[in-house]
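Each chain, written out:
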Amino acid sequence: MSEITGPAAAALASLCPDDVIFLQSLPKAELHAHLNGSIPIKTILELAQKYSPSGTQTTEIADTIEKLKSGVILNEIFDFFLLMPAIYALTSTPEAAATVTRAVLQSFLDPTDDGTESPQCAYLELRTTPRTTTHMTRERYLAIVLDEVEMYPATQAALIVSIDRRMSDSVVEECISLAIEMKNRGRRVVGIDVCGDPRSGDMQSFIRHLSRAKGAGLGLTVHIAESTKNTTEDSLALLSCRPDRLGHATFLSDELKTLFFGDIPQPGTECGSLSECATGTTDSRTPVGLKDPSHPLHSKFQNLKEGYFSRFVSDSTESEEAKAQMSFWADAEKFSERAAIKEIEEIIKQAESPNNAHRNEQYKPCIEICLSSNLLCKSVASLDAHHVRYYLKNDHPIVICTDDALPFRTSCLGEYSLLLAQPPLGLGLSRDDVARVAQMGMDAAFLRPRD
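A short tour of the structure in this document, coming up. (Residues numbered from 1 in each chain as written. Predicted model: local features only at pLDDT ≥ 70, side-chain atom pairs only at ≥ 80, totals over all residues. Heavy atoms only, no water.)

### Topic: the nonpolar core
Here comes step 1: Counting 114 residues, the largest nonpolar core has Ile163, Ile192, Leu252 and Ile398 as its most contacted members.
Here comes step 2: With residues near it in sequence (within four places) discarded, Ile192 still touches Ile160, Val161, Ile163, Ile176, Ala179, Leu210, Ala213, Leu218, Gly219, Leu220 and Thr221.
Here comes step 3: Among the nonpolar cores identified, the runner-up in size contains 14 residues, and Ala29, Cys366, Val399 and Cys401 belong to it. (Core = buried A, V, L, I, M, F, W, Y, C linked by side-chain atoms within 4.5 Å. Buried < 20%, exposed > 50% of the residue type's maximum accessible area, 1.4 Å probe, protein only. Contact = heavy atoms within 4.5 Å.)

In structure tokens:
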């Protein structure tokens, strides 16, 4: 197992030997591990020695490797994506893809060579995005990864096919089709993931593809609200697919939790109904609340309002002289505000209808929590401010994951240490609570591992 550093290492070092043995003995599921972000640094160095790139690529790869060796410092979550081009360059051949997949599987599922440490986890759902390079097609890439995954029993390893938010509609369709076809052929594809730069993509256009995957029996997990750049409209589109699991959900608003989840908020975590603050007043014609930039539906309101305003002006049969009057533009403003509010109220009404309300009572998608990732990407200020506390307090299913062990220098043991260690190094949970969290993770697996 690679040496860990940072918050996880500090938490682990604070535990007594009995606590460490307890954590190692827990059956744990790793359900949010990106293949190319989990490659052991030793394997990266070996691939770099064999690689023969152009001069520019050589410099980029060397710089990235130095950052990975010394410990990556990220100022924000988006800095992480700058590391990936060099890693992709090193893993662009079939041989390299097989090598890194094998190394990642071994790092999670095999005990150390000297037998001093047990496997990191009992079950792994590895995720990767189908890639096309000059050496292989997306289908060939997936087949190579699956060949390595299937060297382990089904009770230990499976694959999630990731689609990137930056993909075109045709590429998303191809990746979903490949996942379904491989599943139908008996290959161990168990789910679909939506990942990539949070600032990219129109999630509304992904809905039909994700619905097709779910209809084919694949599990669905989505990276959601992992940045302040993710809009409420973005989250609404993803939640409308009713994913089985949610990745990070760092900035998922209390209003959306109330609207979609079957939780009963406990004291200290209450949040009002989304419909109660849809307008900010009892008069639905007065959009006070929605005009506030801090309102969870402000962005959607503004987009709808602008669309209705443009439509009012373009569809108007008034003369140019009439359009020059202030009253015309005042009417356009009133019409667009009312139309936008009405559409938002319809969205809320549909979500809060008896049928959906009944469904939402049962809807508790497991949240994939990546503590070190959030801390090091500075998407949360501290463990004390971490959103995991909301889900623990509200008895909402969570699973503890590593995300990308290569840049974040962590492990399953390190992440669980952050649960058990005393504040400020950890959350200070009891052993019973930590064991319950571990079981939640096992229960949330797409391919339920059984003894």
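### Let's talk about unusual backbone geometry
Here comes step 1: Following Pro423, the chain continues into Pro424 via a peptide bond in cis, with omega recorded as 5°.
Here comes step 2: Note on placement: Pro424 falls in the loop between helix H19 (412–420) and helix H20 (431–443).
Here comes step 3: The residue Ala249 is not glycine, and still its phi comes out positive at about 55°.
Here comes step 4: Within the secondary structure, Ala249 is located in the loop between strand E6 (245–248) and helix H11 (254–260). (Helix = DSSP H or I, 4+ residues; strand = E, 2+ residues; numbered from the N terminus.)

### Points about the pairing of strand E7 (residues 366–369)
Here comes step 1: Residues Cys366 and Glu368 line one face of E7 and the alternating positions Ile367 and Ile369 line the opposite face, and both faces are buried.
Here comes step 2: Pairing of E6 with E7 involves 3 bridges; the strand directions are parallel. Looking at E7, one finds that Gly247 is bridged to Glu368.
Here comes step 3: Pairing between E7 and strand E8 (residues 398–400): 3 bridges, direction parallel. Within E8, the position partnered with Ile369 by the bridge is Ile400. (Pairing = 2+ DSSP bridges.)

### Details of the side chain of Asn374
Here comes step 1: Mapped onto the elements, Asn374 comes out in helix H16 (residues 371–376).
Here comes step 2: A polar contact is formed between the side chain of Asn374 and the side chain of His386, at a distance of 2.8 Å.
Here comes step 3: With sequence-adjacent residues up to four places away left out, Asn374 is seen in contact with His248, Thr250, Ser379, Val380, His386 and His387. (Polar contact = N/O pair within 3.5 Å; in protein donor to acceptor, adjacent residues only side chain to side chain.)

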